[in-house]
Amino acid sequence: MKLLRLLAIVMTIGVAVGFTGCDDDDDGVVYNDDYILLGMNQAVKVLAGGECYSNLTLNDEERNDTTFTLDMSLYQNRVADMSATVDLVIAEDSLMSAIDLAQDEANGNKYQKYKNARLLPASYYQLSGNQMTLDVGQVVSSSISLTVHYSMLLDDPLRNADEELVYVLPLQIRNSSSYEINSAVNTWMLMFTVPVLEGE
């Protein structure tokens, strides 16, 4: 009798744990309710080894302007249950920190790509806006278009025959009106490598 009573207690506890251990939405996806953070989608897509950067190498045969789309979402592509607006800023401070870290060999190879990097001049690109909004019931926010003038990069007066020219545009979301921002994927380091001049 005692054994049956003990088994009943164990089964009751097991069922209770099963119902409280996770949050299943109607779509069958299991979410972590303690980790509802905003991230820039372009940073999420390239996240590797704790870094979010893209390195684009230009060539003289492709001089047309190039356009990128910038937007944000919640972790695990959750549907927003409240609206959120963030500012899109050029995080010059983040780039300067990366450049400083690159000067110290003790930091290894992780930051070496920034050693000779420069901030992309404002005249070399255009942004269609400076805020993104994730509306209630949506998965992806409104977008901002970034247009980069490749011809200006290729005709940069600093370009020479001895060393590649490296420019970085550090794009970052800040100042959310509601949800917190995930600091691991709030910045996209967009890097442009301009090759050396040939025939000089």
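Residues numbered from 1 in each chain as written. Predicted model: local features only at pLDDT ≥ 70, side-chain atom pairs only at ≥ 80, totals over all residues. Heavy atoms only, no water.

Draft legend 1. Structural view of the overall build of the chain. A tally of helices and strands in the chain yields 4 helices and 14 strands. For the chain, the proportion of its 200 residues judged to be buried stands at 34%. Residue pairs in contact within the chain that sit at least 24 positions apart in sequence constitute 79% of those at least 6 positions apart. Accessible area of the chain: about 11800 Å², with a carbon and sulfur share of 50%. (Helix = DSSP H or I, 4+ residues; strand = E, 2+ residues; numbered from the N terminus. Buried < 20%, exposed > 50% of the residue type's maximum accessible area, 1.4 Å probe, protein only. Contact = heavy atoms within 4.5 Å. Areas by Shrake-Rupley, 256 points an atom, 1.4 Å probe, with all protein chains shown as cover.)

Draft legend 2. Main features of the packing of aromatic side chains. Scanning the model with the defined rule gives 4 aromatic pairs in all. Taking 5.9 Å as the distance between ring centres and 75° as the angle between the ring planes, the aromatic pair formed by Tyr124 and Tyr167 counts as edge-to-face. Here the residue Tyr124 occupies a position in the loop between strand S8 (118-119) and strand S9 (125-127), and Tyr167 occupies one in strand S12 (residues 165-174), the gap between them amounting to 43 residues. This pair shows no difference in class: Tyr124 is buried, exactly as Tyr167 is. These aromatic residues form a ring-pair network of at least three members: Phe68, Tyr150, Trp188 and Phe192. Over the face of the ring belonging to Tyr53 we find Lys113, whose NZ or CZ atom lies 4.4 Å from the ring centre. (Phe/Tyr/Trp six-rings, centres within 6.5 Å; stacked < 30°, edge-to-face > 60°. Lys NZ or Arg CZ within 6 Å of the ring centre and 35° of its normal.)

Draft legend 3. Spatial organisation of the sheet that holds S9. If you walk across this open sheet you meet the 3 strands as S5-S11-S9, and the pairing is antiparallel. Unpaired on one side and paired on the other, strand S5 (66-70) and S9 mark the two borders of the sheet. Geometrically, the sheet is characterised by an average inter-axis angle of 15° between neighbouring strands, direction not taken into account. Sheet topology note: the S5/strand S11 (residues 144-148) ladder contains 5 bridges and is antiparallel. Directly across from Phe68, in S11, lies its bridge partner Leu146. (Pairing = 2+ DSSP bridges. Axes fitted to C-alpha atoms, helices over the stretch in contact; angles between N-to-C directions.)

Draft legend 4. The pattern of salt bridges, seen in detail. One pass over the structure, following the stated rule, counts 5 salt bridges. Among the ionic pairs, Asp60 bridges to Arg63, the shortest N-O distance being 3.5 Å. Classification of Asp60 by relative accessible area gives partly exposed; the value is 38%. Close ionic contact of Asp60 with Arg159 constitutes a salt bridge, the shortest N to O distance being 2.8 Å. Residue Asp60 is located in the loop between strand S4 (53-57) and S5, and its partner Arg159 is located in the loop between helix H4 (150-154) and S12; the two are separated by 99 residues in the primary sequence. Arg159 sits in the buried class, given a relative accessible area of 7%. Within this structure, Asp60, Arg63, Asp155 and Arg159 form a network of salt bridges that share partners. (Salt bridge = Lys/Arg side-chain N within 4 Å of Asp/Glu carboxyl O.)

Draft legend 5. The arrangement of the confidence of the model for the chain in detail. In this model, the chain carries an average pLDDT of 86, and 82% of its residues clear a pLDDT of 70 or more. Across residues 1-31, confidence stays below pLDDT 50; counting only partners more than four residues off in sequence or on other chains, it has 13 contacts. (pLDDT = per-residue confidence, 0-100.)

Draft legend 6. Seen up close, the nonpolar core. Counting residues in each nonpolar core, the largest one holds 35 residues, and the members touching the most others are Leu146, Leu153 and Phe192. Ranked by residues supplied to this core, first place goes to S12 with 5 residues. Among all residues touching Phe192, those that are not within four sequence positions of it are Leu56, Leu58, Phe68, Leu120, Val148, Tyr150, Leu153, Leu165, Val166 and Tyr167. With 10 residues, the next largest nonpolar core counts Leu95, Ala102, Ala117 and Met191 among its residues. (Core = buried A, V, L, I, M, F, W, Y, C linked by side-chain atoms within 4.5 Å.)

Draft legend 7. How the structure looks around the pairing of strand S10 (residues 131-134). Only one face of S10 is buried, namely the one carrying Met132 and Leu134, since none of Gln131 and Thr133 on the opposite face is buried. Note that strand S7 (residues 84-90) and S10 share 4 bridges and pair antiparallel. The partner of Thr85 across the bridge, within S10, is Thr133.

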